[in-house]
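Report on the structure
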Amino acid sequence: MTEIIIINGPNLNLLGRRQPAIYGTTDFESFFTHLQKEFEKKALLQYFQSNHEGALIDKLHQVGFSSVGIVLNAGGLTHTSVALGDAVAAISAPVVEVHISNIYAREPFRHRSYISPYAKGIIAGCGLNGYRLAIMHLLYICC
Ligand code: CA2
């Protein structure tokens, strides 16, 4: 069974509870349960969230040489973390970068991503559906 891990960065544990106009009203755990059912015949989905840069880097190192695919929303660290970009560059598993909001329609500081140069693909502005699209793409390129 194809293994895919979704990795969410800082503050994404607040989804569904704050700023619904930007990030929607669904909490990620409910959405993830739904995704697991939806893809149960095709993929073994895992989920990891941390508010800590080092924990995200450790997770990428842990899964990045064995996992078939990684869906990464690094949250605000996307725009600041050279170290997270370096971690994505160092691993062999394909990474699809996801953003719930359209980062290019927001403040200029959100237009830069330290992840994008090393990502297989980038999805932004599709809401939580972006995670679904990323999984579909990983299944398409991996299997
Ligand atoms: O659009 C995205 O997915 C972002 O990665 C979300 C980050 C933001 O810094 C990026 O520019 C774009 C912020 C995550 C914060 O998530 C919250 C969710 C609910 C309530 C408050 C924050």
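Report follows, based on the coordinates. (Residues numbered from 1 in each chain as written. Predicted model: local features only at pLDDT ≥ 70, side-chain atom pairs only at ≥ 80, totals over all residues. Heavy atoms only, no water.)

Time to look at the overall build of the protein chain. On a plain count of helices and strands, the protein chain comes out with five helices and five strands. Summarising its shape, the C-alpha atoms of the protein chain cover approximately 40 × 30 × 25 Å along the three principal directions. With 143 residues in all, the protein chain has 46% of them scored as buried. The long-range fraction of contacts in the protein chain, counting pairs at least 24 apart against all pairs at least 6 apart in sequence, stands at 79%. Looking at the protein chain as shown, the accessible area adds up to about 7,200 Å², and 53% of this sits on carbon and sulfur atoms. Averaging the coordinates of the 11 positive side-chain charges in the protein chain and doing the same for the 10 negative ones gives two points 5 Å apart. (Helix = DSSP H or I, 4+ residues; strand = E, 2+ residues; numbered from the N terminus. Buried < 20%, exposed > 50% of the residue type's maximum accessible area, 1.4 Å probe, protein only. Contact = heavy atoms within 4.5 Å. Areas by Shrake-Rupley, 256 points an atom, 1.4 Å probe, with all protein chains shown as cover. Lys, Arg positive; Asp, Glu negative; His and termini not counted. Charge placed at Lys NZ, Arg CZ, Asp CG, Glu CD.)

This part is about the site of the ligand. In the vicinity of the ligand, 17 residues are found, and the nearest of them are N73, H79, I100, S101 and R110. In the environment of the ligand, an oxygen atom lies 2.7 Å from a nitrogen or oxygen atom belonging to the backbone of I100. Between an oxygen atom of the ligand and a side-chain N or O atom of S101, the distance comes to 2.5 Å. Against a free-state accessible area of 510 Å², the protein chains account for coverage of 94% of the ligand. (Near = heavy atom within 4 Å. Polar contact = N/O pair within 3.5 Å; in protein donor to acceptor, adjacent residues only side chain to side chain.)

Turning our eyes to something else, we now look at the nonpolar core. In this structure, V71, Y131 and I135 are the most contacted members of the largest nonpolar core, which totals 22 residues. Among the secondary structure elements, those contributing two or more residues to this core are β1 (2–8), α2 (28–38), β2 (43–49), β4 (95–99) and α5 (129–142). Ranked by the residues each element gives to this core, the list is headed by α5, at five residues. Once residues within four sequence positions are removed from consideration, V71 is found in contact with I4, I5, I6, I7, V96, V98, Y131, A134, I135 and L138. Among the nonpolar cores identified, the runner-up in size contains 17 residues, and V63, I70, L84 and I115 belong to it. (Core = buried A, V, L, I, M, F, W, Y, C linked by side-chain atoms within 4.5 Å.)

As a further point, take the pattern of salt bridges. Two side chains that carry opposite charge are able to pair once their charged atoms sit near each other. For the structure on display, the rule yields three salt bridges. Between E38 and R132 there is a salt bridge whose closest N-O contact spans 2.7 Å. Taken together, the residues E38 in helix α2 and R132 in helix α5 connect sequence positions 94 residues apart. Judged by its relative accessible area of 40%, E38 is partly exposed. Note that R106 and E107 form a salt bridge whose closest N and O atoms lie 3.9 Å from each other. One network of salt bridges, with partners in common, ties together R106, E107 and R110. (Salt bridge = Lys/Arg side-chain N within 4 Å of Asp/Glu carboxyl O.)

This next bit is on the pairing of strand β3 (residues 69–73). Most of β3 sits out of view: five of its five residues are buried. Here β3 shows no split at all, with G69, V71 and N73 on one side and I70 and L72 on the other all buried. Bridge count between β1 and β3: five bridges; the pairing is parallel. Its bridge partner being in β3, I7 is matched across the sheet by L72. Here β3 pairs with β4 via three bridges, running parallel. Pairing of L72 across the sheet is with E97, part of β4. Each parallel crossover has a hand, and the one from β3 via helix α4 (residues 82–90) to β4 is right-handed. (Pairing = 2+ DSSP bridges. Right-handed = clockwise from strand over helix to strand, strands pointing away.)

Function cannot be inferred from these measures alone, as they are strictly geometric.
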